[in-house]
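Architecture and fold: a report
This is what each chain is made of:
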Amino acid sequence: MFTPFRLLTRTLASHIPRRALTRSFTSHPPALSSASPPSPEGEASPPALETMIAKGEDISFVSADISTLIRDSGWKVLPDGRLHKLFKLQSYGDVLRLHTLIGKESDKRNHHPRMVSGYRMLIVRFKTHKPVGLTANDVTGARVADECAGKCRARWEDADGQSNNVSWKESTVLRRIVVQQKP
Ligand SMILES: C[C@H](O)[C@H](O)[C@H]1CNC2=NC(N)=NC(=O)C2=N1
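Residues numbered from 1 in each chain as written. Predicted model: local features only at pLDDT ≥ 70, side-chain atom pairs only at ≥ 80, totals over all residues. Heavy atoms only, no water.

The chain has the name 4a-hydroxytetrahydrobiopterin dehydratase in an unreviewed UniProt entry, where Trichodelitschia bisporula is given as its organism. As recorded by UniProt, the Catalytic activity (unreviewed entry) comment attached to the chain reads in full: "(4aS,6R)-4a-hydroxy-L-erythro-5,6,7,8-tetrahydrobiopterin = (6R)-L-erythro-6,7-dihydrobiopterin + H2O". Listed under Sequence similarities (unreviewed entry) in UniProt, the entry text for the chain is "Belongs to the pterin-4-alpha-carbinolamine dehydratase family." (UniProt positions renumbered as here; feature names shortened; annotations may be inferred.)

Bringing helix α5 (residues 136–150) into the picture now. Note on helix geometry: an α-helix contains 3.6 residues per turn, so any two residues three or four positions apart are oriented the same way. The end-to-end C-alpha distance of α5, which contains 15 residues, comes to 21 Å, matching closely the 21 Å that a straight helix rising 1.5 Å per residue would cover. The complete set of buried residues in α5 reads Asp138, Val139, Gly141, Ala142, Val144, Ala145, Asp146, Cys148 and Ala149. In this structure, the buried residues of α5 make contact with α3 (59–73), β2 (83–88), α4 (92–109) and β4 (121–126). (Helix = DSSP H or I, 4+ residues; strand = E, 2+ residues; numbered from the N terminus. Expected span 1.5 Å × (residues − 1). Buried < 20%, exposed > 50% of the residue type's maximum accessible area, 1.4 Å probe, protein only. Contact = heavy atoms within 4.5 Å.)

Let us now look at α4. For α4, which comprises 18 residues, the first-to-last C-alpha distance of 26 Å matches the rise-based estimate of 26 Å (1.5 Å per residue) to within 8%. Those residues of α4 that sit buried are Asp94, Val95, Leu98, Ile102 and Ser106. Buried residues along α4 cover an arc of 105 degrees about the axis, so they all sit on one side. More than 90 degrees from the buried face of α4, the exposed residues found are Lys104, Asp107 and Lys108. Of the surrounding secondary structure, the elements contacted by the buried residues of α4 are β2, β3 (114–118), β4 and α5. (Arc of directions from axis to C-beta.)

The subject of this paragraph is the packing of aromatic side chains. Tallied over the entire structure, the rule returns three aromatic pairs. Geometrically, the ring pair formed by Trp75 and Phe87 is edge-to-face, given 6.2 Å between the ring centres and 85 degrees between the ring planes. Taken together, the residues Trp75 in the loop between α3 and β1 (76–77) and Phe87 in strand β2 connect sequence positions twelve residues apart. When sorted by exposure, Trp75 lands in the same class as Phe87, which is buried. (Phe/Tyr/Trp six-rings, centres within 6.5 Å; stacked < 30°, edge-to-face > 60°.)

Once that is clear, we can look at the environment of His112. Looking at the element boundaries, His112 is found in the loop between α4 and β3. Residues His112 and Tyr92 lie 20 residues apart in sequence; the distance between their C-alpha atoms is 22 Å. The contacts of His112, once residues within four sequence positions are left out, are Ser106, Asp107 and Phe126. A polar contact is formed between the side chain of His112 and the side chain of Asp107, at a distance of 2.6 Å. (Polar contact = N/O pair within 3.5 Å; in protein donor to acceptor, adjacent residues only side chain to side chain.)

Every residue lining the ligand is accounted for by Asn110, His111, His112, Lys127, Thr128, His129 and Lys130. Here an oxygen atom of the ligand sits 2.5 Å away from a polar atom, N or O, in the side chain of Asn110. Here a nitrogen atom of the ligand sits 2.8 Å away from a polar atom, N or O, in the side chain of His112. Across the complex, the protein chains shield 61% of the 390 Å² of accessible surface that the ligand would expose by itself. Residue composition of the shell around the ligand, by class: no nonpolar, five polar and two charged. (Near = heavy atom within 4 Å. Areas by Shrake-Rupley, 256 points an atom, 1.4 Å probe, with all protein chains shown as cover. Nonpolar A, V, L, I, M, F, W, Y, C, P; charged D, E, K, R; others polar.)

Strand order in the open sheet made by the four strands is β1-β2-β4-β3, with antiparallel pairing throughout. Edge strands, defined here as strands with exactly one partner in the open sheet, are β1 and β3. Two strands pair when backbone bridges link them, and β1 and β2 are joined in this way by two bridges, in the antiparallel orientation. Note on β2: the bridge partner recorded for Lys76 is His84. Where α4 meets the sheet, its contacts fall on β2, β3 and β4, and the angle it forms with β3 comes to roughly 170 degrees. (Pairing = 2+ DSSP bridges. Axes fitted to C-alpha atoms, helices over the stretch in contact; angles between N-to-C directions.)

Listed below in structure tokens is the structure:
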């Protein structure tokens, strides 16, 4: 039995190309994770850190090291288990220098991050492919990336959103003063 509303929706639906309906859902599947029940707000809470650590790793050591990276130097663990950090830089030249420095150090260790360079920013993400998950290699990679960042005047926001370095305005003012002092 078709009520007027159902009749209307069936008529409308018959004019929408099927691919338009399937494309929107297949290309952006819902972000819900089976590993965690939805929170009261209906959003899926991210899986616990321990569930993201690769098999064979010492879970207590790796999760403690990652928690320290999160607390002290602005790293985050994304819901899909990647170790993530956004570095802020003072010039595009610094971005390229940091990207290259991290890349060379990672290549020496044969453990490679995914990096995205942008204007005055560099995203660095670590996750181990084999075994799948977070490992001590990712912790080492993050620490080395932070050491490289120290050589490229990089800043980042720590866990409570505070910038870890001189404020952006101060560094710009300082640089301008240095320029003015030049003969
Ligand atoms: C064969 C080669 O040594 C492996 O594929 C290395 C290369 N770089 C890597 N990088 C990362 N992030 N994870 C790995 O498991 C990994 N494995």
